[in-house]
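A closer look at the structure
The lines below spell out each chain.
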Amino acid sequence: MSRSTPLVRRRPGGLPTLPGAPLDFTEAWLVNRRLSEHTRDAYRRDITGWLSWCAERELDPLAANFLDVNEYARTLEARVDPRSGRPLTPATVARKLSALSSWYDFLVKLRAVDANPVSGADRPRVSRDHSETVGLTPQEVDALLAAAEVETGPTAARNRAALALLADLGLRVGEMVSLNLTDLGYERGHRSVRFVGKGGRSRRRALTPGTAYAVDAYLAERAAAAGVPVHELTGPLLVTASGGRLDRHAVFRLVRRLAQQAGIPAWAKLSPHSLRHAFATTARAEGVPLEDVQDAMGHADPRTTRRYDRDRHNLDRDPAYAIWAARSRRAPASS
């Protein structure tokens, strides 16, 4: 779409139309927002899904109302996720409608539509205190890492580095596969990594000694195979055997394969996000303050971080014990 092409034209009668197709609006909307490439791809898929649904019904998306959005939402709720074989979760449907609402907000600002039809739609209720992700215990994370450690072959070192980044840093899979070699660095004595997180926010994290060792071992092996020094490597941090960027689907398969080898009962339901949940739960169990875990995970709302903490309802952590213990310390010693 050229700069000279008007973004919105008007049909006879004043109804807006597009210079090419609704996807023109989608690309303009995505360019207008600071987002990671992974999030852009997800939003692009969400809007494409809506536009395809509209096309099947010969519905002009610029003339859709909240009743149309409600019908679309019910269609999504009945749709089966090919990965799980189960209907889409309420959280997934809510996320898709949230993306659609943001798209329509953009169209309202452009005066392409008069109002956002998603605003009046019936969205699924999603509890902030619940997550569909299957979690892992610390022992299961250890078993998963041990399974990666004993692997051999051309991708074994890369897989160990990927698992370490997920387990020790709690990265989102999209954040991890988007990392480039130039994102690695040193800051105030720490090995570090910088990246663009959810919402387009620039973030940085420290690499643990174990993660740094796994990454260094992988890069040394990769450089040796390429016949160059490590500092001359370029491109993505994690690559496929052909040199392309490792994608999120390959990481999903990796986690499940290693979990099966490790004998983890729920291996078929695990995802890279399971390691992110385990990161939050273990950090809180080890006494890391909620706000520090929130910052590490890049959550804007602490309630999101609490949802990731699977051990938050453990009675061992009931603050009543701390209050009682403090009162006991203050009590005068009996003679």
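Here goes a summary of the coordinates provided. Owing to the predicted nature of the structure, the values given are computational and were not obtained by experimental measurement. (Residues numbered from 1 in each chain as written. Predicted model: local features only at pLDDT ≥ 70, side-chain atom pairs only at ≥ 80, totals over all residues. Heavy atoms only, no water.)

Description of the overall build of the chain
Put simply, the test is: Numbering of helices and strands runs from the N terminus, with a helix taken as a DSSP run of H or I at least four residues long and a strand as a DSSP run of E at least two residues long. Exposure is judged per residue with a 1.4 Å probe applied to protein chains only, and the accessible area is read against the type maximum: over 50% gives exposed, under 20% gives buried, and values in between give partly exposed. Contacts are assigned to residue pairs that have any heavy atoms within 4.5 Å of one another. Using a 1.4 Å probe, the Shrake-Rupley method yields the accessible areas, and only the shown protein chains count as cover for residues.
Looking only at helices and strands, one finds 13 helices and 5 strands in the chain. Classification of the 335 residues of the chain by burial places 41% in the buried group. A sequence separation of at least 24 residues applies to 55% of the contacts in the chain between residues at least 6 apart. Carbon together with sulfur atoms contributes 53% to the accessible area of the chain, which is approximately 18,800 Å² in total.

Brief notes about unusual backbone geometry
Outside of glycine, negative phi angles account for most residues, and trans bonds account for most peptide bonds. A positive phi angle, close to 50 degrees, is found at Glu58, a residue other than glycine. Here Glu58 shows up in the loop between α2 (37-56) and α3 (66-78).

Let's talk about the pairing of strand β4 (residues 190-196)
Put simply, the rule reads: Criterion used throughout: strands pair if DSSP finds at least two bridges between them.
Direction of pairing for strand β3 (residues 184-187) relative to β4: antiparallel, over a ladder of 4 bridges. Residue pairing across strands places Leu184 opposite Val193, the latter belonging to β4. Between the antiparallel neighbours β3 and β4 lie 2 residues, among them Arg188 with a positive phi of about 50 degrees. Sheet analysis places β4 next to strand β5 (residues 202-206), joined by 5 bridges and oriented antiparallel. Across the sheet, Arg194 pairs through a bridge with Arg204, a residue of β5.

Points about helix α10 (residues 272-285)
Note the following rule: Residue count minus one, scaled by 1.5 Å, sets the expected span of a helix.
For α10, with 14 residues, the first-to-last C-alpha span of 20 Å sits near the 20 Å given by 1.5 Å per residue. Most of α10 is tucked away: 10 of the 14 residues are buried. Turning to α10, its buried residues number three or more, namely Pro272, Ser274, Leu275, Arg276, His277, Ala278, Phe279, Ala280, Thr281 and Ala283.

Details of the packing of α2 against helix α4 (residues 90-109)
Each pair of packed helices can be summarised by the angle the axes make with each other and by the distance between the axes. This is how the line gets drawn: In this analysis an axis means a line fitted to C-alpha atoms, helices contributing only their contacting stretch, and an angle means the value between N-to-C directions, from 0 to 180 degrees. When describing relative orientation, an angle under 35 degrees is termed roughly parallel and one over 145 degrees roughly antiparallel, while 65 to 115 degrees is termed roughly perpendicular and anything else oblique. Three residue categories are used. Nonpolar comprises Ala, Val, Leu, Ile, Met, Phe, Trp, Tyr, Cys and Pro, charged comprises Asp, Glu, Lys and Arg, and polar comprises the others, including Gly.
At a closest axis distance of 9 Å, the pairing of α2 and α4 adopts a crossing angle of 85 degrees. As summarised for this structure, α2 and α4 are arranged roughly perpendicular, according to the angle between their axes. Of α4, the residues touching α2 (which contributes Ala42, Tyr43, Asp46, Ile47, Trp50 and Leu51) are Arg95, Lys96, Ala99, Leu100, Trp103 and Tyr104. Split into classes, the residues belonging to the contact of α2 with α4 amount to 9 nonpolar, no polar and 3 charged.

Remarks on the nonpolar core
This is how it is decided: In this description, a nonpolar core means a group of buried Ala, Val, Leu, Ile, Met, Phe, Trp, Tyr and Cys residues linked to one another through side-chain atoms lying within 4.5 Å.
Core analysis: the biggest nonpolar cluster contains 43 residues, and Leu165, Met176, Leu238 and Leu275 have the highest contact counts within it. For this core, the secondary-structure elements that each account for two or more residues are α5 (138-149), α6 (156-169), α7 (173-177), β4, α8 (209-226), α9 (248-261) and α10. In terms of residue count, the dominant contributor to this core is α6 (8 residues). Discounting chain neighbours no more than four positions away, the residues touching Leu238 are Arg158, Ala161, Ala162, Leu165, Met176, Tyr218, Arg222, Gly244, Arg245 and Leu246. Grouped together as the second largest cluster of nonpolar side chains are 31 residues, Trp29, Trp50, Trp53 and Leu76 included.

Some thoughts on the sheet that holds β4
What holds strands together in a sheet is hydrogen bonding between their backbones, with the strands either parallel or antiparallel. Ordered in space as β3-β4-β5, the 3 strands form an open sheet in which the pairing is antiparallel. The open sheet is flanked by β3 and β5, the only strands paired with a single partner. Going across the sheet, the axis of each strand differs from the next one's by a mean of 40 degrees, ignoring polarity.

Quick look at the packing of aromatic side chains
The criterion, for reference: Pairing of aromatic side chains requires ring centres within 6.5 Å, counting the rings of Phe and Tyr and the six-membered ring of Trp. Pairs whose planes differ by under 30 degrees are stacked, by over 60 edge-to-face, and all others tilted.
Evaluation of the coordinates by the stated rule reveals 6 aromatic pairs. Between the aromatic rings of Trp29 and Tyr43, the centroid separation amounts to 5.5 Å while the plane-to-plane angle is 20 degrees, which identifies the pairing as stacked. With Trp29 in helix α1 (residues 22-31) and Tyr43 in helix α2, the pair connects residues that are 14 residues apart, well separated along the chain. Tyr43 matches Trp29 in its accessibility class, with the two residues each being buried. Geometrically, the ring pair formed by Trp50 and Tyr72 is edge-to-face, given 5.1 Å between the ring centres and 70 degrees between the ring planes. Taken together, the positions of Trp50 in helix α2 and Tyr72 in helix α3 put the pair 22 residues apart, joining distant regions of the chain. When sorted by exposure, Trp50 lands in the same class as Tyr72, which is buried. Taken together through their ring pairs, the aromatic side chains of Trp50, Trp53, Tyr72, Trp103 and Tyr104 make up a single cluster.

What about the packing of α2 against α3?
Direction vectors running N to C along α2 and α3 enclose 110 degrees, while the axes themselves pass 11 Å from each other. Our classification of the angle between α2 and α3 gives roughly perpendicular. Contacts between α2 and α3 pair Asp46, Gly49, Trp50 and Trp53 from the former with Asp68, Val69, Glu71, Tyr72 and Thr75 from the latter. Each residue belonging to the contact of α2 with α3 can be placed in one class, and the counts come to 4 nonpolar, 2 polar and 3 charged.

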